[in-house]
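Fold and geometry: a report
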Amino acid sequence: DPGVVLIQIATPDWCHCGQAEQALRAGKHVLLQKPPCLNDGELKRLIAAAHTSRGSLKVLLNSRATRLSRTLKKHLAAGVIGAPREILYAYRGRRFPIDHPASPYLKAESGGVWLHISLHWLDEAFYFSDALPTAVQVFAARNDQGEARFLGEGPNYWSAIFPMGQGITLNFEYNTMLL
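Note that the structure is predicted; figures quoted are calculated from it, not measured.

**Focus on the overall build of the protein**
Of the regular secondary structure elements, the protein holds four helices and seven strands. The secondary structure elements of the protein, listed N-terminal to C-terminal, are β-α-β-α-β-α-β-α-β-β-β. Put simply, the protein has 179 residues, and 36% of those count as buried. Of the contacts formed within the protein by residues at least 6 apart in sequence, a portion of 62% connects residues at least 24 apart. For the protein, the accessible surface area stands at approximately 10,500 Å², while carbon and sulfur atoms represent 58% of it.

Right under this line is the structure:
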């Protein structure tokens, strides 16, 4: 449809790459929800489609756009709270339950809900630091026992240390081990 200029893709994760490729081949601008792809092969295909398209590709990670994130970053930059020595940022809790045991979110190839949600938090940490982490620790396990709606939930944890300049670090933790 020549009247459509931009397409936002907010479908389930396993649909993202194919739908984005189709839209880019049609010359449309694409706003793509994260994750853009499920594996390296899909990512290479998507990059190739973006390079040959008349349209552009933007992958959305929206945690950095929240009012809280923008306000905190503004106040940190302005020194409103004084000179920070260290920033500790932690999310602990249960991810949202999946009611259908056949859901692709519970499949290893999708990375699961834990990975899906953690990309939002990782994006926010990048937003505050404007740098790659200097250290990363990850622990992930798959729980295939218990209620169907919690299948795939296991003791999942990752943490990263981001440099903030002037000797300040941002220690970031995303932890579903503490349920």
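This is not the end of the story, as more comes after the structure.
**Section: helix α2 (residues 40–52)**
End to end, α2 covers 19 Å across 13 residues, agreeing with the expected 18 Å (1.5 Å per residue, within 8%). When we look at burial in α2, the residues that qualify are Glu42, Leu46 and Ala49. The arc that holds every buried residue of α2, seen down its axis, measures 60 degrees, which confines them to one face. For α2, the exposed residues lying more than 90 degrees away from the buried face are Lys44, His51 and Thr52. Where α2 is buried, its residues meet α1 (16–25), β2 (29–33) and β3 (57–60).

**Structural notes on the state of the cysteines**
Scanning the model with the defined rule gives zero disulfides in all. Cysteine cysteine 17 is unpaired, with the sulfur of cysteine 37 as its nearest cysteine sulfur at 3.9 Å. The exposure class assigned to cysteine 17 is buried, which follows from its relative accessible area of 1%.

**Some remarks on the pairing of β2**
Taking every second residue as pointing to the same face, the buried face of β2 carries Val30 and Leu32, while none of His29, Leu31 and Gln33 on the other face is buried. Taken together, the four bridges between β2 and β3 define a ladder with parallel strand orientation. Its bridge partner lying in β3, valine 30 is registered against leucine 57. Considered for its hand, the β-α-β crossover made up of β2, α2 and β3 is right-handed.

**A word on the sheet that holds β2**
Read across the open sheet, the three strands follow the order β1-β2-β3; overall the sheet is parallel. Whereas interior strands pair on both sides, the edge strands pair on one side only; in this sheet they are β1 (6–9) and β3. Mean inter-strand twist for the sheet, computed between neighbouring axes without regard to direction, equals 15 degrees. Lying over the sheet, α1 contacts β1, β2 and β3, oriented at roughly 170 degrees with respect to β2.

**Observations concerning the confidence of the model for the protein**
Looking at the protein as a whole, the pLDDT averages 77, with 70% of positions reaching at least 70. Looking at the elements of the protein, mean pLDDT is at its lowest for strand β4 (residues 86–92), recorded as 68, and at its highest for α1, recorded as 96.

Reading guide: rules and limits
- Residues numbered from 1 in each chain as written.
- Predicted model: local features only at pLDDT ≥ 70, side-chain atom pairs only at ≥ 80, totals over all residues.
- Heavy atoms only, no water.
- Helix = DSSP H or I, 4+ residues; strand = E, 2+ residues; numbered from the N terminus.
- Buried < 20%, exposed > 50% of the residue type's maximum accessible area, 1.4 Å probe, protein only.
- Contact = heavy atoms within 4.5 Å.
- Areas by Shrake-Rupley, 256 points an atom, 1.4 Å probe, with all protein chains shown as cover.
- Expected span 1.5 Å × (residues − 1).
- Arc of directions from axis to C-beta.
- Disulfide = S-S within 2.5 Å.
- Pairing = 2+ DSSP bridges.
- Right-handed = clockwise from strand over helix to strand, strands pointing away.
- Axes fitted to C-alpha atoms, helices over the stretch in contact; angles between N-to-C directions.
- pLDDT = per-residue confidence, 0-100.

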